[in-house]
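# Observations on chain architecture
As a plain string of letters, each chain reads:
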Amino acid sequence: MSENPTRFGFVCVQNAGRSQMSAAFAERERQRRDLENRVKILTGGTMPADEVHPEVVEAMRERGVDLSGRVPREVSDEELDECDVVATMGCSTLELDASVDVRDWDLDDPHGQDVERVREIRDEIETRVSDLFDEYFPDG
C-alpha cells in the first residue's frame, strides 16, 4: 500500500446489501485500474446482519461477483474518520470528522425486493462507484 492511499468507505445499517455491492464494485474498479497500491476500501454497518441478503448475492453473481462468502461487519466512526470519502446508502446518521467527504447515495434497500428492482439498485451502485473512481483518478 502506498504511504497515503485514498480510502473509500461504504456504509449502510446492516452491511448486507448496498454497501457490500458498493465495496465489491470498488474492489473490481481498483483492480481494473491497477490501483491496488493506491486505494483502500472499507465496508461495514452500524447494526450488521448475519449474512449478505440472498437476493443481493444472486444479483451480483450475474455480474460475475461472488458475495456468498462475505460476512457483514460492524464499522466504527474511528475507522470511517480515516477515510477520504464515505458513501452512505440513505440510511445513516453518522457523525464523522469534517475532513471526510460524506456522500449520501440515498439508494433503496434491496432486501426483500423483487429481482428486477435489485438489479436496478445494483446497476445504480455500479455506476456511482465507477463515477467515484473517475472523480478521484481521472487518468486511471
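Data block above holds the structure.
Description of the structure in this document. (Residues numbered from 1 in each chain as written. Predicted model: local features only at pLDDT ≥ 70, side-chain atom pairs only at ≥ 80, totals over all residues. Heavy atoms only, no water.)

Turning our attention to helix α4 (residues 115-136). Taking 1.5 Å per residue as the helical rise, α4 with its 22 residues ought to reach 32 Å, and the 32 Å between its terminal C-alpha atoms agrees with that figure. Those residues of α4 that fall on the buried side of the exposure criterion are Val118, Ile121, Arg122, Ile125, Glu126, Val129, Leu132 and Phe133. The buried residues of α4 occupy one face: seen down the axis, they fall within an arc of 140 degrees. Structurally, α4 contributes buried residues whose contacts are with β1 (6-12), α1 (18-32), β2 (39-45), α2 (54-61), β3 (85-88) and β4 (101-104). (Helix = DSSP H or I, 4+ residues; strand = E, 2+ residues; numbered from the N terminus. Expected span 1.5 Å × (residues − 1). Buried < 20%, exposed > 50% of the residue type's maximum accessible area, 1.4 Å probe, protein only. Arc of directions from axis to C-beta. Contact = heavy atoms within 4.5 Å.)

It is worth spelling out the pairing of β3 at this point. Burial along β3 is two-sided: the face carrying Val85 and Ala87 and the face carrying Val86 and Thr88 are both buried. The sheet contact formed by β1 and β3 spans four bridges and is parallel. Bridge pairing in β3 places Phe10 opposite Ala87. As defined by bridge partners, β3 adjoins β4 across four bridges and the pair is classed as parallel. Bridge pairing in β4 places Thr88 opposite Asp104. (Pairing = 2+ DSSP bridges.)

Considering all chains together, one arrives at zero disulfides under this definition. You can see Cys83 has no disulfide; the closest cysteine sulfur is in Cys12, sitting 14 Å from it. (Disulfide = S-S within 2.5 Å.)

Next up on the list: a negative patch on the surface. A cluster of acidic residues, Asp77, Glu78, Glu82 and Glu95, forms a negative patch on the protein surface. With respect to the secondary-structure elements, Asp77 resides in helix α3 (residues 77-81). (Patch = residues over 30% accessible without salt bridge, like charges linked within 9 Å, V, L, I, M, F, W, Y side chains within 5 Å. Areas by Shrake-Rupley, 256 points an atom, 1.4 Å probe, with all protein chains shown as cover. Salt bridge = Lys/Arg side-chain N within 4 Å of Asp/Glu carboxyl O. Lys, Arg positive; Asp, Glu negative; His and termini not counted. Charge placed at Lys NZ, Arg CZ, Asp CG, Glu CD.)

This part is about the pairing of β2. A large share of β2 lies buried, amounting to six of its seven residues. Sheet analysis places β1 next to β2, joined by seven bridges and oriented parallel. Its bridge partner lying in β2, Phe8 is registered against Ile41. Handedness of the β-α-β unit built from β1, α1 and β2 comes out right-handed. (Right-handed = clockwise from strand over helix to strand, strands pointing away.)

A separate point is the side chain of Arg122. Looking at the secondary structure, you find Arg122 in helix α4. Residue classification places Arg122 among the buried positions, given a relative accessible area of 4%. In terms of polar contacts, Arg122 uses its side chain to reach the side chain of Asp123, at 2.9 Å. (Polar contact = N/O pair within 3.5 Å; in protein donor to acceptor, adjacent residues only side chain to side chain.)

Looking now at α2. Glu55, Val56, Val57, Ala59 and Met60 are the residues of α2 that are buried. On the buried face of α2, the contacting elements are α1 and α4.

Before going further, it helps to spend a moment on unusual backbone geometry. Of note, the phi angle at Asp34 is positive, near 55 degrees, even though the residue is not glycine. Within the fold, Asp34 resides in the loop between α1 and β2. Overall, the relative accessible area of 63% leaves Asp34 in the exposed class.

Purely geometric stuff here, so don't read any function into it on its own.
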